[in-house]
Amino acid sequence: PGAASQNLPAKETSHMRGIHRSGRPLRDLLRGVVGAALLGAGPVMIVEGVRGRRQIRDELAAQQITFPWEEGLPDRLAALAGRRVETGPQARAYSELIKIHLQQATGGRTYAQISAEMAAGKGDEKLANLQQTAFMGEMLRAGLLSSYQAWRLTSLVTGLGALLSGLGAVVL
């Protein structure tokens, strides 16, 4: 009985080693597939992020939006005076300038509030023009803020692409 019980753990250990060895090729195959997928996806994401950012720059440049040189430019935007809007952060800053001008023009009322006044029969030609101004300003802001969000998204995609590329190289 003593010899048999000593042989049993040896057989289990030998059997367990056999399973471990037979699982290694599968693990290596999976590691290779995952590494190759990461190495393939990473550069694609980097290229698409850079391409997206270039498209945002081109679209913003085509609009030929320039920050005014006026004295009334808020201090936080003063560094942008006279510069063209060509990046997402610049688009966001210009949307803030539009917001300031809209608040001044509308007395702080939104397009929805002015529209409600019109619907309640309180409107005249002056209020109708103000409604149009508020609408156009809000639409311009929405477009600029969309550019800003897209800019941030391209940064995320590019960064994740670099991370996936690095992980793929480590895994392989």
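Our subject is the structure that appears above.
Given the structure is predicted, the values throughout are model-derived calculations rather than measurements.

A. Fine view of the packing of aromatic side chains. Tallied over the full model, the rule gives 2 aromatic pairs. Taking 5.0 Å as the distance between ring centres and 70 degrees as the angle between the ring planes, the aromatic pair formed by Phe67 and Tyr94 counts as edge-to-face. Taken together, the positions of Phe67 in the loop between α1 (2-63) and α2 (88-106) and Tyr94 in helix α2 put the pair 27 residues apart, joining distant regions of the chain. Seen from their ring centres, Tyr111 and Phe135 are 5.3 Å apart, and the 55 degrees between their planes marks the pair as tilted. Remark: Phe135 occurs in helix α4 (residues 125-171) and Tyr111 occurs in helix α3 (residues 111-119); sequence separation between them is 24 residues. Owing to a relative accessible area of 32%, Tyr111 belongs among the partly exposed residues under this scheme.

B. Local environment of the pattern of salt bridges. The final tally for this structure, using the stated rule, is 4 salt bridges. A salt bridge links Arg51 to Glu48; the shortest N-O distance between them is 2.8 Å. Of this pair, Arg51 and Glu48 both sit in helix α1, 3 residues apart, roughly one helical turn. When its relative accessible area of 46% is taken as the criterion, Arg51 is described as partly exposed. The shortest N-O distance in the salt bridge between Glu96 and Arg141 comes to 3.6 Å. Taken together, the residues Glu96 in helix α2 and Arg141 in helix α4 connect sequence positions 45 residues apart. Taking relative accessible area as the criterion, Glu96 reaches 24% and is therefore assigned partly exposed. On the accessibility criterion, Arg141 (12% relative accessible area) is buried. Residues joined by salt bridges that share partners form a network here, namely Glu96, Glu138 and Arg141.

Criteria and thresholds
Residues numbered from 1 in each chain as written. Predicted model: local features only at pLDDT ≥ 70, side-chain atom pairs only at ≥ 80, totals over all residues. Heavy atoms only, no water. Phe/Tyr/Trp six-rings, centres within 6.5 Å; stacked < 30°, edge-to-face > 60°. Helix = DSSP H or I, 4+ residues; strand = E, 2+ residues; numbered from the N terminus. Buried < 20%, exposed > 50% of the residue type's maximum accessible area, 1.4 Å probe, protein only. Salt bridge = Lys/Arg side-chain N within 4 Å of Asp/Glu carboxyl O.

In short, the description is geometric, and any link to function would need to be established separately.
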